[in-house]
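Here is what each chain is made of, one letter per residue.
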Amino acid sequence: MSTSLNPCKHLSDYKLRYGIKGFNSIQKWIKSSSPYSRSKTQMERSKSEIPRCGFCCGYEGRLYICLICSSMSCSLSSESNHALLHTQNQIGHEIAVDLQRSELYCFSCSDQVYDPDFDKAVMTEQVLGLGNGNLDGIVGRSNGKRKRLGFEGSDFKNLKRVVVVGGGELDHGRRISKSCFPVGLRGLNNLGNTCFMNSVLQALLHAPPFRNYFLGGRHDRDSCRKGSADRLCLSCDIDVVFSAVFSGDRAPYSPARFLYSWWRLSENLACYEQQDAHEFFMSVLDRIHEKEGKTRNTNKDNGDCHCVAHRAFSGLLRSDVTCTTCGFTSTTYDPCVDISLDFNTTVDHFAANKAQKSTETGVSTLTSCLDLFTRPEKLGSDQKLFCQNCQERHESVKQMSIRRLPLVLCLHVKRFEHSLARKASRKIDRHLQFPFSLDMTPYVSSSIVRKRFGNRIFAFEGDESEISTNFEVFAVITHSGMLESGHYMTYLRLNEQWYKCDDAWITEVDDEVVRASQIYLAFYVQKPNGHKTGEDNVSCHLRSSVSSDSFVSIAGCC
Amino acid sequence: MSAPDDDNKSSSHTQLASHFFSELLDSVIMDVASESHRIARLGLDRNLDDEEEELRLSAQARARLADPSNSEANSKYVVDIFGQTHPPVASEIFDCMNCGRSIVAGRFAPHLEKCMGKGRKARVKATRSSTAAAQNR
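Residues numbered from 1 in each chain as written. Chains lettered and ligands numbered in written order. Predicted model: local features only at pLDDT ≥ 70, side-chain atom pairs only at ≥ 80, totals over all residues. Heavy atoms only, no water.

All right, on to the overall build of chain A then. Per the secondary structure count, chain A includes 17 helices and 23 strands. Residues classed as buried in chain A amount to 54% of the 558 residues present. Pairs at least 24 apart in sequence give 68% of the contacts found in chain A among residues at least 6 apart. Total accessible area on chain A stands at roughly 24900 Å², and carbon and sulfur atoms take up 49% of it. (Helix = DSSP H or I, 4+ residues; strand = E, 2+ residues; numbered from the N terminus. Buried < 20%, exposed > 50% of the residue type's maximum accessible area, 1.4 Å probe, protein only. Contact = heavy atoms within 4.5 Å. Areas by Shrake-Rupley, 256 points an atom, 1.4 Å probe, with all protein chains shown as cover.)

Here the focus is the overall build of chain B. Scanning chain B for helices and strands turns up 4 helices and 2 strands. Along its sequence from the N terminus, chain B presents helices and strands in the succession α-α-β-β-α-α. Buried positions account for 21% of the 137 residues belonging to chain B. Long-range contacts, defined here as pairs at least 24 residues apart, represent 0% of the contacts in chain B between residues at least 6 apart.

A separate point is the packing of helix α9 (residues 234–245) of chain A against helix α10 (residues 256–265) of chain A. All names here are of chain A. The N-to-C vectors of α9 and α10 enclose an angle of 165°; their axes lie 9 Å apart at closest approach. With respect to their mutual orientation, α9 and α10 come out roughly antiparallel. Remark: the crossing between α9 and α10 carries left-handed chirality. For the pair α9 and α10, contact is made by L234, D237, I238 and V241 and by R257, F258, S261, W262 and L265, respectively. (Axes fitted to C-alpha atoms, helices over the stretch in contact; angles between N-to-C directions. Parallel < 35°, antiparallel > 145°, perpendicular 65-115°, else oblique. Left-handed = near helix turned anticlockwise from the far one by under 90°.)

A separate point is unusual backbone geometry. Residue and element names in this part refer to chain A. Its identity is not glycine, yet S70 carries a phi of approximately 60°, on the positive side. Of note, the phi angle at S102 is positive, near 50°, even though the residue is not glycine. When you line up the elements, S102 lands in the loop between β3 (95–98) and β4 (103–106).

Counting buried residues in strand β22 (residues 505–509) of chain A gives 4 out of 5 residues, a clear majority hidden from the surface. Hairpin remark: strand β21 (residues 497–502) of chain A followed by β22 of chain A, antiparallel, with 2 residues in the connecting loop; positive phi at D503 of chain A, about 50°. (Pairing = 2+ DSSP bridges.)

Another aspect to go through is the packing of α10 of chain A against helix α3 (residues 108–115) of chain B. Geometrically, a packed helix pair is captured by the angle between its two axes and the distance between the axes. Remark: α10 of chain A packs on α3 of chain B, axes separated minimally by 11 Å, with the N-to-C direction vectors making an angle of 35°. As α10 of chain A runs across α3 of chain B, the sense of the crossing is right-handed. Contacts from A256, L259, Y260 and W263 of chain A in α10 of chain A reach F108, A109, L112 and E113 of chain B in α3 of chain B. In terms of residue class, the contact of α10 of chain A with α3 of chain B is made up of 7 nonpolar, no polar and 1 charged. (Nonpolar A, V, L, I, M, F, W, Y, C, P; charged D, E, K, R; others polar.)

All names here are of chain A. This structure, assessed with the given rule, holds 28 aromatic pairs over all chains. Here Y488 and Y520 contribute two aromatic rings whose centre-to-centre distance is 6.0 Å and whose plane-to-plane angle is 40°, an arrangement assigned as tilted. Within this pair, whereas Y488 is found in strand β20 (residues 486–494), its partner Y520 is found in strand β23 (residues 519–526), the two being separated by 32 residues in sequence. With respect to burial, Y488 and Y520 carry one shared label: buried. Within the aromatic cluster, the residues linked to one another by ring pairs are F210, Y213, F214, F242, F246, F281, F313, F474 and F523. The positively charged end of K28 is found above the aromatic ring belonging to W29, 5.0 Å away from the centroid. (Phe/Tyr/Trp six-rings, centres within 6.5 Å; stacked < 30°, edge-to-face > 60°. Lys NZ or Arg CZ within 6 Å of the ring centre and 35° of its normal.)

Reports often express the size of an interface as the amount of accessible area lost when the parts come together. On the side of chain B, 58 residues touch chain A, which itself brings 70 residues to the contact. Here chain A meets chain B over a buried area of about 5800 Å², counting both sides, of which 56% is carbon and sulfur. If you look at where chain A meets chain B, you find 6 salt bridges. With a closest N to O distance of 2.7 Å, R515 of chain A and E54 of chain B form a salt bridge. Linking chain A with chain B are 29 residue pairs in polar contact (both at pLDDT 80 or more), by the criterion used here. Listing elements by their share of the side of chain A that touches chain B, those giving two or more residues are β5 (111–113), α10, α13 (353–361), β18 (437–439), β20, β21, β22 and α16 (511–515) of chain A. Among the residues forming the side of chain A that touches chain B, the class breakdown is 28 nonpolar, 18 polar and 24 charged. (Buried area = accessible area lost by both parts, 1.4 Å probe. Salt bridge = Lys/Arg side-chain N within 4 Å of Asp/Glu carboxyl O. Polar contact = N/O pair within 3.5 Å; in protein donor to acceptor, adjacent residues only side chain to side chain.)

Residues and elements named next belong to chain A. Reading across from one edge, β2-β1-β3-β4-β5 is the order of the 5 strands in this open sheet, with antiparallel pairing throughout. Because the sheet does not close on itself, it has two edges, and the strands there are β2 (72–75) and β5. Between one strand axis and the next, the sheet turns through 40° on average, direction left out of account. Here β4 runs beside β5; their pairing, made up of 3 bridges, is antiparallel. Bridge assignment links C106 to a residue of β5, and that residue is D111.

This part is about helix α6 (residues 195–205) of chain A. Within α6 of chain A, 11 of the 11 residues are buried, which leaves the element mostly enclosed by the surrounding structure. Every buried residue belonging to α6 of chain A is among C195, F196, M197, N198, S199, V200, L201, Q202, A203, L204 and L205 of chain A, and all of these are buried.

Before going further, it helps to spend a moment on the pattern of salt bridges. Residue and element names in this part refer to chain A. Counting across every chain of the model gives 24 salt bridges over all chains. Residues D237 and R257 are paired through a salt bridge, measuring 3.9 Å at the closest nitrogen-oxygen approach. One end of the pair, D237, is in helix α9; the other, R257, is in helix α10, with 20 residues separating them in the sequence. On the basis of relative accessibility, which here comes to 10%, the residue D237 falls in the buried class. Residue classification places R257 among the partly exposed positions, given a relative accessible area of 41%.

This next bit is on the sheet that holds strand β6 (residues 315–323) of chain A. Residues and elements named next belong to chain A. Pairing within the open sheet is antiparallel, and its 4 strands lie in the order β7-β6-β13-β10. The open sheet has two free edges, formed respectively by β7 (329–336) and β10 (377–378), since each of these has just one partner strand. Where β6 and β7 come together, 8 bridges link them in antiparallel fashion. For V321, the partnering residue across the bridge sits in β7 and is S330.

Taken by themselves, the reported measurements are silent on function.
Take a look at the structure:
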């Protein structure tokens, strides 16, 4: 959130003279109501009388309370503005509070103004007024200890070694010439309806933390084989695939061994037929976690799993259920390795500015799906939940948000609709616009909670997070054709060039082809703070300090 | 049948209704204006330009590719970026890790299914029971 908010001269003068006394004095009048109601921050001076203007005793128009003398005055029109009159009669009484919205207004500037201390006073009153009492889930806790995500110095050194072995000089920011192709670009043979597997493998091969882990030799096949009784380890087979694909050999590779291992480990999915790429992706992460999770989590740190699957893909979702009667909110957290998004076919005309653009072009966008995901959802009257505060069942509102973003964000577009009623499934073929650079700020918990409380200047939980919210796409998996008989392909972005990976065929494509494609799974990777979109400053990544979550786009001659 | 009294009453009712409506309308407008003002002033909408740019590029891309002369989907591959060609069915031959036989890559999956005993019969049984389970839920 922008902190470069400069108060107007009148507001700063006011604060110098009166500090926060005025804010505190009007605090008691703030009537708190359920966060999702329209009258969220109305003020009320008396419970028995309607508010009236001190000049004319009128109750129409906009009412303001002076921050210095607490007198109330109305503003009806340019001709009848008693609030302005008050500021002219009493020198220095320029700042007032709008009764209906608890917003500060400066009558000298004729503008709405903002102050962190005022917002804090409003917030405190609001939250205490809700059934919560405590500020859990709303107020940020200063968390001094920065969470290290496990990619320490040794990783970095290994990476450098790999780059050197890769054979090329790093191109400092320039597009590499056509005669040099990125390492790790290799076709995968279709073994018989296995495009679902090939497409996901291509994405995994280039997911930076995943790639760095395996190329850095972090999975020791030898000790794994010795240590394990059943000798079944999908990570070992993945390691083999990595070695093969990054070997420099450009003839298509057949991931037969990998298929065999995966089938042995996934009884229910093992069969010769077209499968769902998303299901396969989840299954692979599960298998990796099962094996690695046991050996690596001997002492769990905050319940976070340190297996490579979770370190790369795991995030935390927050679910808030609010009682519509008293405003009490119950918050739960659940880890996730991806986000499945419902297709947003209806465009909300009153949502944020961007939705407006969608209506104009008539296009569904990935961000509107994310909006839908984080939108407050009124639970049906048949789903009344028991409110701890009211001690009875009331209608409630549920809202999702992202408490912790993963390093690699996998967004799953639910294109396959299964209708239980019609006992049929259908595919939503509609095009979905997606950005190459994605800012996840509006969907994180602190933003969602902040918005729920009227976007006040306040340290909401999650604000203190140092993780970047800027993401850059590096792979998209597309599905073409029909539900039962379709084809998966992956578009990979390496060094700002897009490559189409269609089983054994690797070809170069323009940005446009990717933008116009029908995405099913989109993979975004966190861009470290300070690196703005579009600039792929490879040399900078190398020189940057080890403590940042650095990952390198490896470029080299083949 | 409209007596003068009724007329006055209805016109004052209309006036009153009209008055209430304008008050409500003003209140709603002010609500939206105040909310948007806060969002803009606090910089909570700073990505609008980037988003618009992405939308524009996407629309442009779709328009260009909708052009029939530009059909990417139907174009057959001649060579890949490494200058190689590949047959429709992958022709690499390797040994099956289950039974040891030499198998053609493109037919490996159906072979493995039978080889591992995960034939169609076995799968159908599983489907029936899982469907039944789903119905019973």
